[in-house]
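Per-entry structural report
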Amino acid sequence: MPPTPPPSMGAPLTAADANEAIRRFVRARRGRSWTAEDRAEYARLLEIWTLAVRGAVAETV
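Residues numbered from 1 in each chain as written. Predicted model: local features only at pLDDT ≥ 70, side-chain atom pairs only at ≥ 80, totals over all residues. Heavy atoms only, no water.

1. Let's talk about the overall build of the protein chain
A tally of regular secondary structure across the protein chain gives two helices and zero strands. Within the protein chain, contacts between residues separated by at least 24 positions form 62% of all contacts whose residues are at least 6 apart in sequence. (Helix = DSSP H or I, 4+ residues; strand = E, 2+ residues; numbered from the N terminus. Contact = heavy atoms within 4.5 Å.)

2. Some words on the packing of aromatic side chains
Under the criterion given, the structure shown has two aromatic pairs. Centre to centre, the rings of Phe25 and Trp34 are 5.6 Å apart; their planes meet at 85°, and the pair counts as edge-to-face. Among the residues examined, Trp34 registers a relative accessible area of 26% and is labelled partly exposed. Ring-pair connections join several aromatic residues into one group, and the members of that group are Phe25, Trp34 and Tyr42. We note Arg29 situated over the ring of Phe25; from NZ or CZ to the ring centre the distance is 3.6 Å. (Phe/Tyr/Trp six-rings, centres within 6.5 Å; stacked < 30°, edge-to-face > 60°. Buried < 20%, exposed > 50% of the residue type's maximum accessible area, 1.4 Å probe, protein only. Lys NZ or Arg CZ within 6 Å of the ring centre and 35° of its normal.)

3. Considering helix H1 (residues 15-28)
With 14 residues, H1 should cover 20 Å at 1.5 Å per step; its first-to-last C-alpha distance of 20 Å lies within 8% of that length. Restricting attention to buried positions, one finds in H1 the residues Ala18, Ala21, Ile22 and Phe25. Buried residues of H1 fall within an arc of 100° about the axis and therefore sit on the same side. (Expected span 1.5 Å × (residues − 1). Arc of directions from axis to C-beta.)

If you want it as structure tokens, here you go:
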């Protein structure tokens, strides 16, 4: 399965969007060992989610 495409350069992802991207990514790899590329992509998606959560928290403060 091809890696999850990077987010567009337009509107940033919400934390919910990033979370769903992570869920889709993990579900697509269910039952098999992750490659180094899979782990790198997961780390990238997790970073996107972290930035989205921080942005959401900053907006509410």
